[in-house]
Amino acid sequence: MDRKTLEFNGACFEAQISRMLARLYPDGRILADVHLPCKFLNKEETQIDLILVHPRGVFVIEAKGWKNWVKGGYTDSVWKGAGSAQNILAVYSPVSQNIIHIRALRNAIRKQCDFNPISFTNLVCFPDGVRNMSVCDEVVNFSNLKLKIDKQILRQDNLINVNDYVDLINQVRI
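Residues numbered from 1 in each chain as written. Predicted model: local features only at pLDDT ≥ 70, side-chain atom pairs only at ≥ 80, totals over all residues. Heavy atoms only, no water.

Enquirer: What is the right way to read the packing of helix α1 (residues 3-24) against helix α3 (residues 142-155) from this model?
Expert: The description of two helices packed together rests on the angle between their axes and the distance between the axes. Axis separation between α1 and α3 bottoms out at 11 Å; the angle between their running directions is 40 degrees. Classified by the interaxial angle, the pair formed by α1 and α3 is oblique. Judged by the twist between their axes, the crossing of α1 over α3 is right-handed. On α3, the residues that touch Phe13, Gln16, Ile17, Met20, Leu21 and Leu24 of α1 are Phe142, Leu145, Lys146 and Ile149. Looking at side-chain class alone, the contact of α1 with α3 contains eight nonpolar, one polar and one charged residues. (Axes fitted to C-alpha atoms, helices over the stretch in contact; angles between N-to-C directions. Helix = DSSP H or I, 4+ residues; strand = E, 2+ residues; numbered from the N terminus. Parallel < 35°, antiparallel > 145°, perpendicular 65-115°, else oblique. Left-handed = near helix turned anticlockwise from the far one by under 90°. Contact = heavy atoms within 4.5 Å. Nonpolar A, V, L, I, M, F, W, Y, C, P; charged D, E, K, R; others polar.)

Below, the structure written as structure tokens:
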């Protein structure tokens, strides 16, 4: 599968997640395709697929529109999986990738806004039908994303101002 097809599948899956989040969490706000400054790994910027800013937390979501299976763990820097053509994909760990996204977001907010944000929740989402062979708690299939977010929401005692957090994130976007 070529890169354009992978990117198209990923964009479609991100849109599907975004629509679901908007429907299920009307008191939250969804930010998509957030580009941030990032000096880690000698990159000028990094890109976050989706951020759900909810009164009870901020969820940073890496969407992977794969089709068949995924395998990887916390100690694996490279994860493997299969797309619709059964070709084996090898990618940098999406859990680690999203940790970099979260660090870039927190660092940008601290540096540019002089504000120490709450901790953000790392989530990696694959479509339903993808066989998830990962042992990482952050990795879910689409139909389990709501359950994972709801569990985290129930754990939070503090409320945040959604619009203030959206403004902070928008201030640091590039």
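Enquirer: Mind showing me how you'd approach the sheet that holds strand β2 (residues 45-54) here?
Expert: Paired through their backbone hydrogen bonds, the strands of a sheet run either parallel or antiparallel. If you walk across this open sheet you meet the five strands as β1-β2-β3-β7-β9, and the pairing is mixed. The open sheet has two free edges, formed respectively by β1 (29-37) and β9 (139-141), since each of these has just one partner strand. Neighbour-to-neighbour, the strand axes of this sheet turn through a mean angle of 35 degrees, independent of strand direction. Looking at chain direction, strand β3 (residues 57-63) and strand β7 (residues 120-126) are connected through six bridges and run parallel. Each bridged residue has a counterpart across the sheet, and for Phe59 the counterpart in β7 is Thr121. Running at roughly 130 degrees to β9, α3 makes contact with β2, β3, β7 and β9 of the sheet. Sheet contacts for helix α4 (residues 162-172): β1, β2, β3 and β7; angle to β1, the most-contacted strand, approximately 30 degrees. (Pairing = 2+ DSSP bridges.)

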